[in-house]
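Descriptive analysis of the structure
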Amino acid sequence: QVQLVESGGGLVQPGGSLRLSCAASGSIFSIYTMGWYRQAPGKQRELVAQITSQSSTNYSDSVKGRFTISRDNAKNTVYLQMNSLKPEDTAVYSCWGSVRTGTGLNVYWGQGTQVTVSS
């Protein structure tokens with residue numbers, strides 16, 4: 001089994017910052033792409049950012065210049081540094097990873113963490 005566990009969500013004021021972490025554990029041979037999705041009530045799920053095993057990154061236009069995704073391969077952990085937060089960033093943020101295991105290649109998801117941006 002592979003598990004991804006997010007942490008770092010919470011309540012923050014507009015303009016503030018949060019750092020989300022997502023640590024993968026279990027029967028992992030390697031992790032290729034990792035990333036973050038978010039979903040707010042009444043909205044479509046949005047791919048916020050992703051990062052490959054070679055540290056190539058992609059961002060949603062809505063977060064470019066404000067969010068930074070990074071990873072620590074030795075720790076099987078992906079991070080999302082969120083700066084200049086806006087109320088519209090409020091959502092449940094879920095991490096995911098494309099993981100090579102003994103049975104093949106699968107995408108695994110974390111449980112999600114709530115980020116609320118409000119004054």
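Residues numbered from 1 in each chain as written. Predicted model: local features only at pLDDT ≥ 70, side-chain atom pairs only at ≥ 80, totals over all residues. Heavy atoms only, no water.

1. Focus: the pattern of salt bridges
All told, the structure shown has four salt bridges when counted by the stated rule. For Asp89, the salt bridge identified is with Arg38, shortest N-O distance 3.0 Å. One end of the pair, Asp89, is in the loop between β8 (77-82) and β9 (91-101); the other, Arg38, is in strand β4 (residues 30-39), with 51 residues separating them in the sequence. Comparing Asp89 with Arg38, the two get one shared label, buried. Taken together, the salt bridges that share partners define one network made up of Arg38, Glu46, Arg66 and Asp89. (Salt bridge = Lys/Arg side-chain N within 4 Å of Asp/Glu carboxyl O. Helix = DSSP H or I, 4+ residues; strand = E, 2+ residues; numbered from the N terminus. Buried < 20%, exposed > 50% of the residue type's maximum accessible area, 1.4 Å probe, protein only.)

2. Structural notes on the state of the cysteines
Where two cysteines share a covalent bond between their sulfur atoms, that bond is called a disulfide. Inspection of the entire model under this criterion finds one disulfide. Between the sulfur of Cys22 and that of Cys95 lies a disulfide, 1.9 Å long from S to S. Between Cys22 and Cys95, the disulfide has an S-S torsion of 50° and is therefore right-handed. Taken together, the positions of Cys22 in strand β3 (residues 18-26) and Cys95 in strand β9 put the pair 73 residues apart, joining distant regions of the chain. Among the residues examined, Cys22 registers a relative accessible area of 0% and is labelled buried. (Disulfide = S-S within 2.5 Å.)

3. A look at the sheet that holds strand β7 (residues 67-72)
Strand order in the open sheet formed by four strands is β1-β3-β8-β7, and the pairing between neighbours is antiparallel. A single partner strand is all that each edge strand has here, and the edge strands are β1 (2-7) and β7. The sheet shows a mean angle of 15° between the axes of neighbouring strands, direction not considered. Looking at chain direction, β1 and β3 are connected through six bridges and run antiparallel. By the bridge assignment, Gln3 is partnered in β3 with Ser25. (Pairing = 2+ DSSP bridges. Axes fitted to C-alpha atoms, helices over the stretch in contact; angles between N-to-C directions.)

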